[in-house]
Amino acid sequence: MIAIRAAEPADAAAIAAIYAPHVLTGTASFEIDPPDARAMRARMAASEGLYPWMVATNGEEGGVIGYAYAGKFRDRPAYRYVCETSIYLTDASSGSGVGRLLYAALVTTLRAQGFVHAIGAITLPNDRSIKLHEAVGFRRTGVYREVGFKHGQWIDVGFWQCQLNEPAVPPVEPRKFSDVGVVRP
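Please read all numbers here as calculations on a predicted model, not as lab measurements.

Moving on, we come to helix H1 (residues 12-24). Compared with an ideal rise of 1.5 Å per residue, which puts 13 residues at 18 Å, H1 spans 18 Å between its outermost C-alpha atoms and is within 8% of the ideal. At Ile18, H1 shows its largest kink, close to 25°, and the proline Pro21 lies no more than four residues downstream. Those residues of H1 not exposed but buried are Ala12, Ile15, Ala16, Ile18, Tyr19, Ala20 and Val23. Summarising the contacts, the buried residues of H1 are in contact with helix H2 (37-46), strand E2 (53-58), strand E3 (64-72), strand E4 (82-89) and strand E6 (139-150).

Set out below in structure tokens:
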């Protein structure tokens, strides 16, 4: 049974281990050097309780098999109602439905927090990631051509957007993840 819960600082090593192969051999991340557990803890703490970090585990006491999180879309204050999302899984979990459970929980939580839109950036081609994003409500909005160079190739990045809530005037400030917690669909 897969469990979804808020990530804890103690999960940082497992999160770093899941992310490392994507950095070292993949193109889903444009980082070159994989962050260690300390760096992951710092990234989690930088969310300041506003943005969710979640993990999927093999049951309540099982090991971390995937993680998803949200962060700032852009630094300017006018963007604060929008967030950018990411998800990474162990190779063994890919294609098993874990990603959909985890990402759906992230989207549902962001909706409950009051964010208006979520943005997903996907390096292309990546059919699995596109299907996952679209399965939880994202729609393609555009492509930046040849914006990243990694592993000897230029890479396109596609953007998918999910409307979480109706835009209000004036907008309502999103609530902190630390106040809302994980909300399951």
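There's plenty left to go through after this.
On to the layout of surface pockets, then. Considered as a void within the structure, the largest pocket measures approximately 1,300 Å³ in volume. Put simply, the parts of the chain that give the lining of the largest pocket at least two residues each are H1, H2, E3, E4, helix H3 (98-113), strand E5 (117-124) and helix H4 (127-135). Partitioned by chemical class, the residues of the lining of the largest pocket number 21 nonpolar, 19 polar and ten charged.

Here we take up the environment of Ala70. As for its position among the elements, Ala70 is in strand E3. The spacing of Ala70 and Tyr88 is 18 residues in sequence and 12 Å in space, taken between C-alpha atoms. With residues up to four places along the chain from it excluded, the contact list for Ala70 reads Tyr51, Pro52, Trp53, Cys83, Glu84, Thr85, Leu106 and Leu110.

A cis amide bond links Leu124 to the next residue, Pro125, at an omega of 0°. Topologically, Pro125 is positioned in the loop between E5 and H4. Non-glycine residue Glu146 carries a positive phi angle of around 45°. Take Glu146: it is sitting in strand E6. Assessed through its relative accessible area of 52%, Glu146 is described here as exposed. We note that His151 has phi near 55°; this positive angle belongs to a residue other than glycine. With respect to the secondary-structure elements, His151 resides in the loop between E6 and strand E7 (153-163).

Judged by nonpolar contacts, the single largest core of 30 residues is most densely connected at Leu102, Tyr103, Leu110 and Phe138. The set of elements that each furnish at least two residues to this core consists of E2, E3, E4, H3, E5, H4 and E7. Top contributing element to this core by residue count: H3, with eight residues. If we ignore the near neighbours within four places in the chain, the residues touching Leu110 are Pro52, Ala70, Cys83, Thr85, Phe115, Ala118, Leu164 and Asn165. In this structure, Ala16, Ile18, Ala37 and Val64 belong to the second largest nonpolar core, which totals 15 residues.

A word on the environment of Val82. Within the secondary structure, Val82 sits in strand E4. Judged by its relative accessible area of 15%, Val82 is buried. Each C-alpha atom of the pair Val82 and Ala13 lies 28 Å from the other, and the pair is 69 residues apart in sequence. Other than its neighbours up to four places away in sequence, Val82 contacts Phe73, Phe115, His117 and Ile119.

Attention shifts here to the pairing of E6. The pairing of E6 with E7 spans eight bridges and is classified as antiparallel. Directly across from Gly148, in E7, lies its bridge partner Ile155. Here E6 folds back onto E7 in antiparallel fashion, the turn holding two residues, of which His151 has a positive phi close to 55°.

Rules and cut-offs
- Residues numbered from 1 in each chain as written.
- Predicted model: local features only at pLDDT ≥ 70, side-chain atom pairs only at ≥ 80, totals over all residues.
- Heavy atoms only, no water.
- Helix = DSSP H or I, 4+ residues; strand = E, 2+ residues; numbered from the N terminus.
- Expected span 1.5 Å × (residues − 1).
- Bend = angle between axes of the 7 residues up to and from the residue.
- Buried < 20%, exposed > 50% of the residue type's maximum accessible area, 1.4 Å probe, protein only.
- Contact = heavy atoms within 4.5 Å.
- 1 Å grid on protein atoms, 1.4 Å probe; cavity = no way out; pocket = protein on both sides within 12 Å on 5 of 7 lines; lining within 4 Å.
- Points joined across faces, edges and corners; volume = space filled by probe spheres on them.
- Nonpolar A, V, L, I, M, F, W, Y, C, P; charged D, E, K, R; others polar.
- Core = buried A, V, L, I, M, F, W, Y, C linked by side-chain atoms within 4.5 Å.
- Pairing = 2+ DSSP bridges.

Worth remembering: the numbers are spatial, not functional.
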